[in-house]
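# Report on the structure
Letter by letter, the chains look like this.
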Amino acid sequence: SRADTILLVSLDLKSGEAGVLSIPRDTRVWLPSHNRWDRVNAAYAYGGPELVMEAVAGLLNVPISYYVQTDFEGFSKIVDILGGVELNVERAMVYEDKAQNLYINLQPGRQVLNGEKALQYVRYRDRLGDIALVDPFKGEYDGRVERQRQFLSALSKKVLSPSVIPKLPQLISQTLQMVKTNLPWDEVLNIALISGRFSPDRIATAVLPGNSQVLNGAWYWIVNEQKAAQ
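Reference entry: report on the structure contained in this document.

Definitions and limits used
- Residues numbered from 1 in each chain as written.
- Predicted model: local features only at pLDDT ≥ 70, side-chain atom pairs only at ≥ 80, totals over all residues.
- Heavy atoms only, no water.
- Helix = DSSP H or I, 4+ residues; strand = E, 2+ residues; numbered from the N terminus.
- Contact = heavy atoms within 4.5 Å.
- Core = buried A, V, L, I, M, F, W, Y, C linked by side-chain atoms within 4.5 Å.
- Buried < 20%, exposed > 50% of the residue type's maximum accessible area, 1.4 Å probe, protein only.
- Salt bridge = Lys/Arg side-chain N within 4 Å of Asp/Glu carboxyl O.
- Phe/Tyr/Trp six-rings, centres within 6.5 Å; stacked < 30°, edge-to-face > 60°.
- Lys NZ or Arg CZ within 6 Å of the ring centre and 35° of its normal.
- Pairing = 2+ DSSP bridges.
- Axes fitted to C-alpha atoms, helices over the stretch in contact; angles between N-to-C directions.

## Some words on the environment of Lys 180
Turning to its location among the elements, Lys 180 is positioned in strand E12 (residues 180–181). With 25 residues separating them in the primary sequence, Lys 180 and Thr 205 have C-alpha atoms 23 Å apart. When sequence neighbours within four positions are dropped, the list of residues in contact with Lys 180 reads Tyr 67, Val 68 and Gln 69.

Written out as structure tokens, the structure reads:
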């Protein structure tokens, strides 16, 4: 199947700074090993996380060595292992898609989302779909990807809270059962042991800048290369 959500994460293990870049699933990328243009989420269907790494590395001109992949069930279980994530649900979110076995029913207000509810939040789409450039002058985006950024912010606060950091080595060993990754175990353990260097206010998040465009009858997210370089 195609990838639902793609994030590029950069960690500076010395300074404790981190960056998370949301890459819209319809981003148009060149796939060298397949000699074709396609959506970045299709790269996962063709060649798994390795081909996604190749596509994103070529798109952004940065080296990418590792991947961490999970599915909907794994995501939900990871949130439950952490004890849920506190988030302000900005409005009622109700949606049903029997074909996808997707049922979303979230009420507005600040609340602790368990794994099931968190999955509903990050999967919900409104009229803006996955991502939309709503203010070209200010460079503001909205849609599902923006809500996922809000969830990541709340998740980082939970993971890096004083009550959770001492438990991270044990928690990571549990969450690794929910993911597939090529990260060596000693590297994973090292990140867990030095997690105290990181803090939510030193984690920068952004959306890969661009805009929607129709090419050959299909919608793509076309990257603004100048802004992306910044």
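Okay, back to it.
## Here we look at the nonpolar core
Generally speaking, nonpolar side chains in soluble globular proteins are found buried as a group. Residues Met 93, Tyr 121 and Phe 151 are the most contacted members of the largest nonpolar core, which totals 23 residues. The set of elements that each furnish at least two residues to this core consists of helix H2 (72–81), strand E6 (85–89), strand E8 (102–106), helix H3 (115–123), helix H4 (144–159) and helix H5 (168–175). Among the elements that take part in this core, H3 stands out by supplying 4 residues, more than any other. The contacts of Tyr 121, once residues within four sequence positions are left out, are Leu 87, Asn 88, Val 89, Glu 90, Met 93, Leu 106, Leu 113, Arg 147, Gln 150 and Phe 151. Val 29, Val 40, Val 56 and Leu 208 belong to the second largest nonpolar core, which has 16 residues in total.

## Observations regarding the pattern of salt bridges
For the structure on display, the rule yields 10 salt bridges. Asp 38 is the salt-bridge partner of Arg 36, the closest N and O atoms lying 3.0 Å from each other. Of the charged contacts in the structure, one is a salt bridge between Arg 144 and Asp 130, with a shortest N-O distance of 2.8 Å. Pair noted here: Arg 144 is in helix H4 and Asp 130 is in the loop between H3 and strand E10 (132–135), with a separation of 14 residues, a long-range link. There is no split in this pair, since Arg 144 and Asp 130 are both buried.

## What to know about the environment of Gly 139
Position of Gly 139 relative to the elements: it lies in the loop between E10 and strand E11 (140–142). With 135 residues separating them in the primary sequence, Gly 139 and Asp 4 have C-alpha atoms 24 Å apart.

## Examining the packing of aromatic side chains
Per the stated rule, a full pass over the model turns up 3 aromatic pairs. Ring centres 5.6 Å apart and planes at 45 degrees place the aromatic pair Phe 75 and Phe 151 in the tilted group. Here the residue Phe 75 occupies a position in helix H2, and Phe 151 occupies one in helix H4, the gap between them amounting to 76 residues. The class for Phe 151 is buried, based on a relative accessible area of 3%. Positioned above the aromatic ring of Tyr 220 is the side chain of Arg 39, whose terminal nitrogen or guanidinium carbon lies 5.0 Å from the ring centre.

## A word on the pairing of strand E4 (residues 36–39)
In this sheet, E4 lies alongside strand E3 (residues 28–31) in antiparallel orientation, the contact comprising 4 bridges. Within the sheet, the bridge partner assigned to Trp 30 lies in E4 and is Trp 37. The turn joining E3 and E4, which pair antiparallel and follow one another in sequence, is formed by 4 residues; a positive phi near 55 degrees is taken by Asn 35.

## Focus: the sheet that holds strand E2 (residues 18–23)
The sheet built from 3 strands is open, its strands ordered E1-E2-E13 with mixed pairing. Looking at which strands have only one partner, the edges of the open sheet turn out to be strand E1 (6–11) and strand E13 (203–207). This sheet shows a mean twist of 15 degrees between the axes of neighbouring strands, independent of strand direction. Here E2 pairs with E13 via 5 bridges, running parallel.

## Details of the pairing of E1
Bridge analysis of E1 against E2 gives 6 bridges, and the strand direction is antiparallel. When the sheet's bridge partners are listed, Leu 7 is paired in E2 with Ser 22. The turn linking E1 back onto E2 is made up of 6 residues, and Gly 16 within it adopts a positive phi angle of 85 degrees.

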